[in-house]
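Breakdown of the fold
Chain by chain, the residues:
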Amino acid sequence: MRTQVAIIGGGPSGLLLSHLLNRAGIETVVLERQSRDYVLSRIRAGVLERGTVDLLHRAGVGARMTREGHTHSGCYLTHDQQMIRMDFAAACGAAVTVYGQTEVTRDLYDAQDAIGAQHIHGVEAVALHDLDSARPHITYTLDGQSHRLDCDFIAGCDGFHGVSRKAIPANLRREYEKVYPFGWLGVLSETPPLHEELIYANHPRGFALASMRNPMLSRYYIQVPLSDKVQDWSDAAFWEEFSARMPEDVAAGLITGPSIEKSIAPLRSFVSEPMRYGALFLCGDAAHIVPPTGAKGLNLAASDVHYLSTGLLAHYNEKDSAGLDDYSQKALARVWQAMRFSWQVTTLMHHFPEHSDYDRQMQRVELMQLATNPAAQRMFAENYTGLPY
Ligand code: FAS
Ligand code: PHB
(Lines give C-alpha, C1' and ligand atoms only; values in the text may rest on other atoms or scores of the structure.)
(Ligands and ions follow the chains in the order given, each with its own letter.)
Protein backbone atom coordinates (compact mmCIF):
# COMPACT_ATOMS: atom_id res chain seq x y z
CA MET A 1 0.00 0.00 0.00
CA ARG A 2 1.16 3.57 -0.65
CA THR A 3 0.01 7.01 0.54
CA GLN A 4 1.37 10.54 0.63
CA VAL A 5 1.39 11.08 4.42
CA ALA A 6 1.30 8.12 6.81
CA ILE A 7 0.01 9.10 10.26
CA ILE A 8 0.77 6.97 13.31
CA GLY A 9 -1.85 7.60 16.01
CA GLY A 10 -5.59 8.26 15.81
CA GLY A 11 -5.85 10.72 18.69
CA PRO A 12 -6.54 14.45 18.26
CA SER A 13 -3.15 15.17 16.62
CA GLY A 14 -3.40 12.43 14.03
CA LEU A 15 -7.06 12.97 13.22
CA LEU A 16 -6.82 16.75 12.91
CA LEU A 17 -3.74 16.48 10.69
CA SER A 18 -5.40 13.84 8.54
CA HIS A 19 -8.52 15.94 8.11
CA LEU A 20 -6.70 19.17 7.25
CA LEU A 21 -4.60 17.31 4.65
CA ASN A 22 -7.52 15.36 3.18
CA ARG A 23 -9.55 18.56 2.76
CA ALA A 24 -6.64 19.90 0.69
CA GLY A 25 -6.54 16.78 -1.48
CA ILE A 26 -3.55 15.15 0.22
CA GLU A 27 -3.86 11.41 0.84
CA THR A 28 -3.29 10.00 4.31
CA VAL A 29 -3.58 6.69 6.13
CA VAL A 30 -4.05 6.76 9.92
CA LEU A 31 -2.64 3.76 11.82
CA GLU A 32 -4.11 3.42 15.33
CA ARG A 33 -3.32 0.60 17.72
CA GLN A 34 -6.50 0.90 19.80
CA SER A 35 -10.13 0.51 18.77
CA ARG A 36 -12.11 3.66 18.04
CA ASP A 37 -14.30 3.01 21.09
CA TYR A 38 -11.20 2.83 23.28
CA VAL A 39 -9.84 6.10 21.90
CA LEU A 40 -13.23 7.76 22.47
CA SER A 41 -13.47 6.40 26.02
CA ARG A 42 -10.45 8.38 27.21
CA ILE A 43 -11.25 11.42 29.38
CA ARG A 44 -8.54 14.02 28.82
CA ALA A 45 -8.46 17.76 28.23
CA GLY A 46 -11.29 20.21 28.67
CA VAL A 47 -10.10 23.70 27.66
CA LEU A 48 -9.46 24.89 24.08
CA GLU A 49 -7.35 27.96 23.33
CA ARG A 50 -8.63 30.47 20.79
CA GLY A 51 -6.07 29.19 18.26
CA THR A 52 -7.36 25.64 18.61
CA VAL A 53 -10.96 26.79 18.19
CA ASP A 54 -10.03 28.70 15.03
CA LEU A 55 -8.14 25.70 13.63
CA LEU A 56 -11.07 23.34 14.28
CA HIS A 57 -13.34 25.77 12.44
CA ARG A 58 -10.85 25.92 9.54
CA ALA A 59 -10.95 22.12 9.49
CA GLY A 60 -14.75 22.28 9.20
CA VAL A 61 -15.37 20.50 12.52
CA GLY A 62 -16.43 23.43 14.69
CA ALA A 63 -20.24 23.28 14.43
CA ARG A 64 -20.99 21.10 17.50
CA MET A 65 -18.25 22.85 19.46
CA THR A 66 -20.06 26.15 18.75
CA ARG A 67 -23.40 24.66 19.81
CA GLU A 68 -22.27 22.75 22.87
CA GLY A 69 -19.02 24.39 23.93
CA HIS A 70 -18.97 27.18 26.50
CA THR A 71 -16.95 30.39 26.14
CA HIS A 72 -15.11 31.35 29.31
CA SER A 73 -13.70 34.87 29.64
CA GLY A 74 -12.06 34.16 32.99
CA CYS A 75 -11.18 31.65 35.68
CA TYR A 76 -10.44 31.72 39.43
CA LEU A 77 -7.34 31.04 41.47
CA THR A 78 -7.94 30.53 45.19
CA HIS A 79 -5.65 30.88 48.19
CA ASP A 80 -6.43 31.38 51.90
CA GLN A 81 -10.22 31.37 51.26
CA GLN A 82 -9.73 34.17 48.69
CA MET A 83 -11.19 33.86 45.16
CA ILE A 84 -8.94 35.67 42.67
CA ARG A 85 -10.60 36.12 39.30
CA MET A 86 -8.37 36.17 36.25
CA ASP A 87 -10.35 38.31 33.81
CA PHE A 88 -9.08 37.24 30.38
CA ALA A 89 -11.36 39.67 28.54
CA ALA A 90 -10.17 42.70 30.53
CA ALA A 91 -6.51 41.64 30.50
CA CYS A 92 -6.09 40.63 26.86
CA GLY A 93 -9.46 40.61 25.14
CA ALA A 94 -9.46 36.83 24.64
CA ALA A 95 -11.37 33.81 25.92
CA VAL A 96 -11.17 30.00 25.96
CA THR A 97 -13.78 27.41 25.02
CA VAL A 98 -14.67 24.60 27.42
CA TYR A 99 -15.33 21.56 25.22
CA GLY A 100 -13.92 18.14 26.05
CA GLN A 101 -11.12 16.51 24.06
CA THR A 102 -13.35 13.44 23.80
CA GLU A 103 -15.91 15.51 21.86
CA VAL A 104 -13.21 17.05 19.65
CA THR A 105 -11.99 13.54 18.84
CA ARG A 106 -15.53 12.34 18.15
CA ASP A 107 -16.17 15.29 15.81
CA LEU A 108 -12.93 14.55 13.96
CA TYR A 109 -13.75 10.86 13.55
CA ASP A 110 -17.23 11.76 12.25
CA ALA A 111 -15.78 14.26 9.75
CA GLN A 112 -13.12 11.80 8.62
CA ASP A 113 -15.79 9.10 8.12
CA ALA A 114 -17.85 11.52 6.05
CA ILE A 115 -15.01 11.87 3.51
CA GLY A 116 -14.04 8.19 3.58
CA ALA A 117 -10.68 8.74 5.24
CA GLN A 118 -8.47 5.70 5.65
CA HIS A 119 -8.09 4.62 9.28
CA ILE A 120 -6.69 1.24 10.29
CA HIS A 121 -7.43 0.29 13.91
CA GLY A 122 -5.85 -2.52 15.89
CA VAL A 123 -2.40 -2.27 14.29
CA GLU A 124 0.53 -3.85 16.12
CA ALA A 125 4.31 -3.94 15.84
CA VAL A 126 4.40 -0.59 14.05
CA ALA A 127 7.95 0.15 12.89
CA LEU A 128 9.38 3.04 10.90
CA HIS A 129 12.01 2.45 8.21
CA ASP A 130 14.39 4.40 5.94
CA LEU A 131 13.36 7.78 7.36
CA ASP A 132 16.44 9.46 5.88
CA SER A 133 15.99 7.94 2.43
CA ALA A 134 13.79 8.51 -0.60
CA ARG A 135 11.68 5.48 0.36
CA PRO A 136 10.44 5.96 3.93
CA HIS A 137 7.93 3.32 4.94
CA ILE A 138 6.13 1.72 7.86
CA THR A 139 5.64 -1.95 8.62
CA TYR A 140 2.94 -3.23 10.95
CA THR A 141 0.83 -6.27 11.63
CA LEU A 142 -2.94 -6.50 11.58
CA ASP A 143 -4.74 -9.63 12.73
CA GLY A 144 -1.45 -11.46 12.52
CA GLN A 145 -0.79 -10.42 8.92
CA SER A 146 2.28 -8.31 8.04
CA HIS A 147 1.81 -5.10 6.05
CA ARG A 148 3.97 -2.38 4.52
CA LEU A 149 2.89 1.23 3.96
CA ASP A 150 5.08 3.28 1.62
CA CYS A 151 4.77 7.06 1.89
CA ASP A 152 6.39 10.42 1.23
CA PHE A 153 6.22 11.49 4.89
CA ILE A 154 5.39 10.02 8.31
CA ALA A 155 3.60 12.02 11.04
CA GLY A 156 4.36 10.61 14.48
CA CYS A 157 1.12 11.43 16.34
CA ASP A 158 1.33 8.41 18.65
CA GLY A 159 1.62 10.12 22.00
CA PHE A 160 4.21 9.86 24.77
CA HIS A 161 4.27 6.06 24.78
CA GLY A 162 4.33 5.70 21.00
CA VAL A 163 7.14 4.42 18.77
CA SER A 164 7.78 7.45 16.56
CA ARG A 165 9.97 9.52 18.87
CA LYS A 166 12.28 6.57 19.47
CA ALA A 167 12.72 6.14 15.71
CA ILE A 168 14.91 9.24 15.84
CA PRO A 169 18.46 8.04 16.62
CA ALA A 170 19.19 8.55 20.32
CA ASN A 171 22.39 10.43 19.56
CA LEU A 172 20.38 13.01 17.62
CA ARG A 173 17.68 13.48 20.30
CA ARG A 174 17.90 16.00 23.12
CA GLU A 175 15.37 15.26 25.86
CA TYR A 176 14.36 17.54 28.71
CA GLU A 177 12.23 16.22 31.57
CA LYS A 178 10.85 17.29 34.93
CA VAL A 179 8.76 14.78 36.91
CA TYR A 180 6.54 16.34 39.61
CA PRO A 181 6.27 14.62 43.03
CA PHE A 182 2.50 14.18 42.78
CA GLY A 183 -0.33 13.24 40.42
CA TRP A 184 -3.91 14.33 39.75
CA LEU A 185 -6.86 12.20 40.79
CA GLY A 186 -9.64 13.11 38.35
CA VAL A 187 -13.37 12.44 38.75
CA LEU A 188 -16.16 12.87 36.21
CA SER A 189 -19.67 13.17 37.68
CA GLU A 190 -23.09 13.83 36.18
CA THR A 191 -23.67 16.79 38.48
CA PRO A 192 -23.95 20.56 37.93
CA PRO A 193 -20.52 22.25 37.98
CA LEU A 194 -19.40 23.86 41.24
CA HIS A 195 -19.05 27.24 39.53
CA GLU A 196 -19.71 28.74 36.11
CA GLU A 197 -15.95 29.23 35.59
CA LEU A 198 -12.97 27.01 36.39
CA ILE A 199 -11.50 27.24 39.90
CA TYR A 200 -7.82 26.37 40.50
CA ALA A 201 -7.19 26.02 44.27
CA ASN A 202 -3.87 26.41 46.10
CA HIS A 203 -4.48 24.85 49.52
CA PRO A 204 -2.12 23.55 52.24
CA ARG A 205 -3.77 20.12 51.82
CA GLY A 206 -2.96 20.22 48.08
CA PHE A 207 -4.13 21.50 44.73
CA ALA A 208 -7.69 21.08 43.49
CA LEU A 209 -9.44 22.04 40.24
CA ALA A 210 -13.14 22.46 39.56
CA SER A 211 -13.86 22.14 35.84
CA MET A 212 -16.74 20.94 33.73
CA ARG A 213 -17.86 19.52 30.39
CA ASN A 214 -21.48 20.76 30.27
CA PRO A 215 -24.23 22.00 32.66
CA MET A 216 -24.74 18.41 33.91
CA LEU A 217 -21.23 16.99 33.66
CA SER A 218 -18.48 18.13 36.02
CA ARG A 219 -14.77 17.34 35.98
CA TYR A 220 -12.87 17.65 39.28
CA TYR A 221 -9.27 16.99 40.24
CA ILE A 222 -7.23 16.85 43.44
CA GLN A 223 -3.46 16.57 43.82
CA VAL A 224 -2.51 13.18 45.30
CA PRO A 225 0.81 11.51 46.22
CA LEU A 226 2.34 9.43 43.40
CA SER A 227 1.95 6.39 45.66
CA ASP A 228 -1.86 6.67 45.65
CA LYS A 229 -3.97 4.23 43.63
CA VAL A 230 -7.46 4.93 42.30
CA GLN A 231 -8.84 2.14 44.51
CA ASP A 232 -7.54 4.05 47.57
CA TRP A 233 -10.16 6.72 46.91
CA SER A 234 -13.87 6.15 47.47
CA ASP A 235 -16.22 8.74 45.99
CA ALA A 236 -17.04 9.92 49.52
CA ALA A 237 -13.34 10.38 50.36
CA PHE A 238 -12.81 12.30 47.12
CA TRP A 239 -15.73 14.67 47.71
CA GLU A 240 -14.62 15.31 51.31
CA GLU A 241 -11.04 16.12 50.29
CA PHE A 242 -12.09 18.19 47.27
CA SER A 243 -14.48 20.27 49.40
CA ALA A 244 -11.80 20.83 52.06
CA ARG A 245 -9.52 22.43 49.42
CA MET A 246 -12.07 24.88 48.05
CA PRO A 247 -13.04 28.13 49.86
CA GLU A 248 -15.71 27.26 52.42
CA ASP A 249 -18.42 29.52 50.94
CA VAL A 250 -17.82 28.03 47.48
CA ALA A 251 -17.63 24.41 48.70
CA ALA A 252 -21.00 24.91 50.41
CA GLY A 253 -22.57 24.89 46.94
CA LEU A 254 -20.94 21.64 45.76
CA ILE A 255 -23.40 19.04 44.45
CA THR A 256 -21.83 15.59 44.67
CA GLY A 257 -22.76 12.39 42.90
CA PRO A 258 -21.34 9.02 41.86
CA SER A 259 -18.17 9.15 39.78
CA ILE A 260 -18.64 7.84 36.25
CA GLU A 261 -14.90 7.99 35.61
CA LYS A 262 -12.03 8.09 38.10
CA SER A 263 -8.32 8.03 37.22
CA ILE A 264 -4.91 9.20 38.40
CA ALA A 265 -2.51 10.89 35.97
CA PRO A 266 1.14 11.59 36.81
CA LEU A 267 2.47 15.08 36.07
CA ARG A 268 5.57 15.66 34.00
CA SER A 269 7.14 18.26 31.76
CA PHE A 270 8.91 16.69 28.79
CA VAL A 271 10.32 17.88 25.48
CA SER A 272 12.17 15.87 22.85
CA GLU A 273 14.13 17.82 20.23
CA PRO A 274 14.19 17.89 17.23
CA MET A 275 10.60 17.26 16.11
CA ARG A 276 11.78 16.18 12.65
CA TYR A 277 14.11 13.49 11.39
CA GLY A 278 14.17 13.04 7.62
CA ALA A 279 10.67 12.11 6.50
CA LEU A 280 9.39 11.84 10.13
CA PHE A 281 7.62 14.73 11.83
CA LEU A 282 6.51 14.46 15.48
CA CYS A 283 3.24 16.10 16.61
CA GLY A 284 1.64 16.51 20.02
CA ASP A 285 2.39 14.24 22.96
CA ALA A 286 4.82 12.19 20.83
CA ALA A 287 7.21 15.14 21.20
CA HIS A 288 6.18 16.88 24.41
CA ILE A 289 4.17 16.52 27.60
CA VAL A 290 2.99 19.31 29.88
CA PRO A 291 1.42 19.07 33.35
CA PRO A 292 -2.33 19.69 32.77
CA THR A 293 -2.37 22.69 35.14
CA GLY A 294 -2.04 25.17 32.28
CA ALA A 295 -4.48 23.30 29.98
CA LYS A 296 -1.83 23.22 27.24
CA GLY A 297 -1.42 19.57 26.17
CA LEU A 298 -4.18 19.31 23.61
CA ASN A 299 -3.64 22.90 22.52
CA LEU A 300 0.05 22.32 21.76
CA ALA A 301 -0.97 19.31 19.67
CA ALA A 302 -3.19 21.69 17.67
CA SER A 303 -0.43 24.24 17.03
CA ASP A 304 1.98 21.48 15.97
CA VAL A 305 -0.65 20.26 13.51
CA HIS A 306 -1.13 23.79 12.23
CA TYR A 307 2.57 24.21 11.47
CA LEU A 308 2.96 20.74 9.95
CA SER A 309 -0.18 20.84 7.80
CA THR A 310 0.81 24.30 6.52
CA GLY A 311 4.26 23.00 5.62
CA LEU A 312 2.92 19.90 3.88
CA LEU A 313 0.35 21.86 1.88
CA ALA A 314 3.07 24.24 0.65
CA HIS A 315 5.27 21.27 -0.25
CA TYR A 316 2.63 19.50 -2.30
CA ASN A 317 0.81 22.50 -3.78
CA GLU A 318 3.65 24.98 -4.35
CA LYS A 319 6.75 22.74 -4.34
CA ASP A 320 7.90 24.90 -1.43
CA SER A 321 9.45 22.92 1.45
CA ALA A 322 10.47 25.86 3.63
CA GLY A 323 7.60 25.17 6.05
CA LEU A 324 8.79 21.60 6.49
CA ASP A 325 12.40 22.67 6.89
CA ASP A 326 11.56 25.06 9.75
CA TYR A 327 8.74 22.99 11.28
CA SER A 328 10.74 21.71 14.23
CA GLN A 329 12.21 25.06 15.17
CA LYS A 330 8.86 26.88 14.79
CA ALA A 331 6.84 24.27 16.72
CA LEU A 332 9.42 24.06 19.51
CA ALA A 333 9.46 27.84 19.96
CA ARG A 334 5.77 27.71 20.90
CA VAL A 335 6.14 24.45 22.85
CA TRP A 336 8.75 25.98 25.16
CA GLN A 337 6.53 29.01 25.83
CA ALA A 338 3.72 26.65 26.90
CA MET A 339 6.21 24.55 28.90
CA ARG A 340 7.20 27.62 30.89
CA PHE A 341 3.61 28.63 31.63
CA SER A 342 2.59 25.09 32.59
CA TRP A 343 5.61 24.80 34.89
CA GLN A 344 4.90 28.24 36.41
CA VAL A 345 1.23 27.51 37.19
CA THR A 346 2.02 24.00 38.47
CA THR A 347 4.73 25.38 40.76
CA LEU A 348 2.42 28.20 41.91
CA MET A 349 -0.66 26.15 42.68
CA HIS A 350 0.52 22.84 44.13
CA HIS A 351 1.67 21.81 47.59
CA PHE A 352 5.27 20.57 47.35
CA PRO A 353 6.25 18.44 50.35
CA GLU A 354 9.82 19.70 50.18
CA HIS A 355 8.81 23.38 50.06
CA SER A 356 10.04 25.61 52.92
CA ASP A 357 7.94 28.35 54.55
CA TYR A 358 9.85 30.76 52.33
CA ASP A 359 8.75 28.86 49.20
CA ARG A 360 5.15 28.98 50.38
CA GLN A 361 5.48 32.73 50.97
CA MET A 362 6.65 33.08 47.36
CA GLN A 363 3.48 31.28 46.21
CA ARG A 364 1.38 33.62 48.34
CA VAL A 365 3.11 36.78 47.04
CA GLU A 366 2.85 35.66 43.41
CA LEU A 367 -0.87 35.04 43.91
CA MET A 368 -1.25 38.49 45.45
CA GLN A 369 0.51 39.96 42.39
CA LEU A 370 -1.96 38.14 40.17
CA ALA A 371 -4.77 39.58 42.26
CA THR A 372 -3.58 43.18 41.98
CA ASN A 373 -1.06 43.71 39.17
CA PRO A 374 -2.49 44.31 35.65
CA ALA A 375 0.81 43.36 34.00
CA ALA A 376 0.86 40.02 35.86
CA GLN A 377 -2.80 39.45 34.99
CA ARG A 378 -2.15 40.15 31.30
CA MET A 379 0.79 37.74 31.21
CA PHE A 380 -1.35 35.01 32.80
CA ALA A 381 -4.34 35.70 30.51
CA GLU A 382 -2.29 35.80 27.28
CA ASN A 383 -0.63 32.47 28.13
CA TYR A 384 -3.80 30.75 29.36
CA THR A 385 -5.96 31.78 26.37
CA GLY A 386 -3.13 30.89 23.97
CA LEU A 387 -0.14 32.69 22.54
CA PRO A 388 -0.30 33.39 18.78
CA TYR A 389 0.79 30.66 16.33
P1 FAS B 1 -2.71 11.01 22.28
O2 FAS B 1 -1.92 10.28 23.33
O3 FAS B 1 -4.03 11.59 22.62
O4 FAS B 1 -2.98 10.03 21.03
C5 FAS B 1 -1.96 9.17 20.57
C6 FAS B 1 -2.65 8.00 19.87
O7 FAS B 1 -1.64 7.17 19.32
C8 FAS B 1 -3.47 7.15 20.83
O9 FAS B 1 -4.77 6.95 20.32
C10 FAS B 1 -2.69 5.85 20.92
O11 FAS B 1 -3.52 4.72 21.08
C12 FAS B 1 -1.98 5.82 19.57
N13 FAS B 1 -0.74 5.05 19.57
C14 FAS B 1 0.20 5.01 20.54
N15 FAS B 1 1.21 4.18 20.16
C16 FAS B 1 0.88 3.69 18.92
C17 FAS B 1 1.49 2.80 18.02
N18 FAS B 1 2.67 2.23 18.30
N19 FAS B 1 0.86 2.52 16.84
C20 FAS B 1 -0.31 3.10 16.54
N21 FAS B 1 -0.97 3.96 17.36
C22 FAS B 1 -0.36 4.25 18.54
N23 FAS B 1 -4.27 18.00 28.27
C24 FAS B 1 -4.93 19.12 28.62
O25 FAS B 1 -4.79 20.13 27.92
N26 FAS B 1 -5.74 19.13 29.73
C27 FAS B 1 -5.94 18.01 30.50
O28 FAS B 1 -6.67 18.04 31.48
C29 FAS B 1 -5.29 16.81 30.16
N30 FAS B 1 -5.48 15.66 30.89
C31 FAS B 1 -4.80 14.51 30.52
C32 FAS B 1 -4.96 13.30 31.24
C33 FAS B 1 -4.25 12.14 30.87
C34 FAS B 1 -4.43 10.85 31.65
C35 FAS B 1 -3.35 12.18 29.78
C36 FAS B 1 -2.55 10.95 29.39
C37 FAS B 1 -3.19 13.36 29.05
C38 FAS B 1 -3.92 14.52 29.42
N39 FAS B 1 -3.80 15.72 28.69
C40 FAS B 1 -4.45 16.86 29.03
C41 FAS B 1 -2.94 15.78 27.55
C42 FAS B 1 -3.70 15.18 26.38
O43 FAS B 1 -4.91 15.84 26.25
C44 FAS B 1 -2.80 15.27 25.18
O45 FAS B 1 -2.18 16.55 25.08
C46 FAS B 1 -3.50 14.95 23.90
O47 FAS B 1 -4.14 13.70 24.04
C48 FAS B 1 -2.47 14.95 22.79
O49 FAS B 1 -3.00 14.35 21.70
P50 FAS B 1 -2.11 13.38 20.79
O51 FAS B 1 -0.82 14.05 20.50
O52 FAS B 1 -3.01 12.99 19.66
O53 FAS B 1 -1.75 12.13 21.69
C1 PHB C 1 -10.33 19.62 32.44
O2 PHB C 1 -11.47 20.10 32.37
O3 PHB C 1 -10.10 18.39 32.31
C4 PHB C 1 -9.17 20.55 32.69
C5 PHB C 1 -9.36 21.90 32.59
C6 PHB C 1 -8.28 22.76 32.82
C7 PHB C 1 -7.05 22.24 33.16
C8 PHB C 1 -6.85 20.86 33.25
C9 PHB C 1 -7.92 20.01 33.01
O10 PHB C 1 -6.01 23.08 33.39
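**Regarding the nonpolar core**
Nonpolar side chains in soluble globular proteins tend to end up buried together. If you look at the biggest cluster of nonpolar residues, it comprises 65 residues, and the most contacted ones within it are Leu 17, Ile 138, Ile 154, Leu 308 and Leu 312. A total of eight residues in this core trace back to one element, the largest contributor, which is helix H9 (residues 297-318). Setting aside anything within four residues of it in sequence, one finds Leu 308 in contact with Leu 17, Ala 155, Phe 281, Cys 283, Leu 324 and Tyr 327. The next biggest cluster of nonpolar side chains, apart from the first, holds 30 residues, and it includes Cys 75, Val 98, Phe 207 and Ala 381.

**Here we look at the pattern of salt bridges**
Applying the stated rule across the entire model yields 22 salt bridges. When the shortest N-O distance is used, the salt bridge between Asp 325 and Arg 276 registers 3.2 Å. Of this pair, Asp 325 sits in helix H10 (residues 322-325) while Arg 276 sits in strand E18 (residues 276-277), placing them 49 residues apart in sequence. Among the residues examined, Arg 276 registers a relative accessible area of 26% and is labelled partly exposed. The salt bridge partner of Arg 378 is Glu 382, with a shortest N-O separation of 2.6 Å. Of this pair, Arg 378 and Glu 382 both sit in helix H13 (residues 374-385), separated by four residues, roughly a single helical turn. Each of Arg 64, Glu 68, Glu 103, Arg 106 and Asp 107 takes part in salt bridges that share partners, so that together they form one network.

**Here we look at the site of ligand 1**
Inspection of the region around ligand 1 gives 30 residues, with Ser 13, Glu 32, Arg 42, Gln 101 and Gly 297 positioned closest. Arg 33 is positioned such that a nitrogen or oxygen atom in its backbone is 3.2 Å from a nitrogen atom of ligand 1. Between ligand 1 and the protein, one listed contact pairs an oxygen atom with a backbone N or O atom of Leu 298 at 3.2 Å. Contact with the protein chains removes 86% of the 1000 Å² of surface that ligand 1 exposes when unbound. Contributing elements (two or more residues each) for the shell around ligand 1: helix H1 (12-23), strand E2 (28-32) and H9.

**Looking at the packing of aromatic side chains**
Considering all chains together, one arrives at 19 aromatic pairs under this definition. Seen from their ring centres, Tyr 220 and Phe 242 are 4.7 Å apart, and the 50 degrees between their planes marks the pair as tilted. Here the residue Tyr 220 occupies a position in strand E16 (residues 217-224), and Phe 242 occupies one in helix H7 (residues 235-245), the gap between them amounting to 22 residues. Its relative accessible area of 0% is what places Tyr 220 among the buried residues. You can call Phe 242 buried: its relative accessible area is 0%. Counting every residue linked through ring pairs, the aromatic cluster contains Phe 88, Trp 184, Tyr 200, Phe 207, Tyr 221, Phe 341, Phe 380 and Tyr 384. Here the basic side chain of Lys 296 rests over the ring of Tyr 384, its NZ or CZ set 5.8 Å away from the ring centre.

**Overview of the sheet that holds strand E12 (residues 153-156)**
Read across the open sheet, the six strands follow the order E8-E2-E1-E12-E19-E18; overall the sheet is mixed. In this open sheet, the two strands that pair with only one neighbour each are strand E8 (118-121) and E18. Pairing analysis gives four bridges linking E2 to E8, with the strands arranged parallel. Residue Val 29 lies in a different strand from E8, and its bridge partner there is Gln 118.

**A closer look at the domain arrangement of the protein**
Each domain of the protein was delimited in the assignment, giving domain 1 (5-73 + 94-177 + 268-345) and domain 2 (178-267 + 351-385). On a C-alpha basis, the centres of domain 1 and domain 2 stand 28 Å from each other. Contacts between the two partners involve 30 residues from domain 1, matched on the other side by 26 residues from domain 2. Applying the counting criterion to the domain 1 and domain 2 interface returns zero salt bridges. Run the count over domain 1 and domain 2 and you get nine residue pairs in polar contact (both at pLDDT 80 or more).

**Focus: the sheet that holds strand E9 (residues 124-129)**
On the basis of which strands lie adjacent, the open sheet formed by three strands has the order E9-E10-E11 and antiparallel pairing. Two strands lie at the open edges of the sheet, namely E9 and strand E11 (145-150), each paired on one side alone. With direction set aside, neighbouring strand axes in the sheet form an average angle of 15 degrees. Here E9 pairs with strand E10 (residues 137-142) via four bridges, running antiparallel. Its bridge partner lying in E10, Ala 127 is registered against Thr 139.

**What to know about the pairing of strand E13 (residues 174-189)**
Pairing of E13 with strand E17 (residues 259-273) involves 13 bridges; the strand directions are antiparallel. Its bridge partner being in E17, Val 187 is matched across the sheet by Lys 262. In the sheet, E13 pairs with E16 via seven bridges, with the strands oriented antiparallel. Across the sheet, the residue bridging to Ser 189 is Ser 218, located in E16.

**Points about unusual backbone geometry**
The omega torsion of the bond from Glu 273 to Pro 274 falls at -10 degrees, within 30 degrees of zero and hence cis. The residue Pro 274 is located in the loop between E17 and E18 in this model. With a phi angle near 50 degrees, Ala 125 is a residue other than glycine that sits in the positive phi range. Tracing the backbone shows Ala 125 in strand E9.

**A short note on the site of ligand 2**
In the vicinity of ligand 2, 14 residues are found, and the nearest of them are Tyr 200, Ser 211, Arg 213, Tyr 221 and Pro 292. In this structure, an oxygen atom belonging to ligand 2 sits 2.7 Å away from a side-chain N or O atom of Arg 213. A distance of 2.7 Å separates an oxygen atom of ligand 2 from a polar atom in the backbone of Pro 292. Here ligand 2 has 280 Å² of accessible area as a free molecule, and 97% of this is covered by the chains. Among the elements of the structure, strand E15 (208-214) and E16 are those that each provide at least two residues to the shell around ligand 2. In terms of residue count, the dominant contributor to the shell around ligand 2 is E15 (three residues). For the shell around ligand 2, a count of residues per class yields eight nonpolar, three polar and three charged.

Cut-off values and rules
- Residues numbered from 1 in each chain as written.
- Chains lettered and ligands numbered in written order.
- Predicted model: local features only at pLDDT ≥ 70, side-chain atom pairs only at ≥ 80, totals over all residues.
- Heavy atoms only, no water.
- Core = buried A, V, L, I, M, F, W, Y, C linked by side-chain atoms within 4.5 Å.
- Buried < 20%, exposed > 50% of the residue type's maximum accessible area, 1.4 Å probe, protein only.
- Helix = DSSP H or I, 4+ residues; strand = E, 2+ residues; numbered from the N terminus.
- Contact = heavy atoms within 4.5 Å.
- Salt bridge = Lys/Arg side-chain N within 4 Å of Asp/Glu carboxyl O.
- Near = heavy atom within 4 Å.
- Polar contact = N/O pair within 3.5 Å; in protein donor to acceptor, adjacent residues only side chain to side chain.
- Areas by Shrake-Rupley, 256 points an atom, 1.4 Å probe, with all protein chains shown as cover.
- Phe/Tyr/Trp six-rings, centres within 6.5 Å; stacked < 30°, edge-to-face > 60°.
- Lys NZ or Arg CZ within 6 Å of the ring centre and 35° of its normal.
- Pairing = 2+ DSSP bridges.
- Domains from an automatic or database assignment.
- Axes fitted to C-alpha atoms, helices over the stretch in contact; angles between N-to-C directions.
- Nonpolar A, V, L, I, M, F, W, Y, C, P; charged D, E, K, R; others polar.

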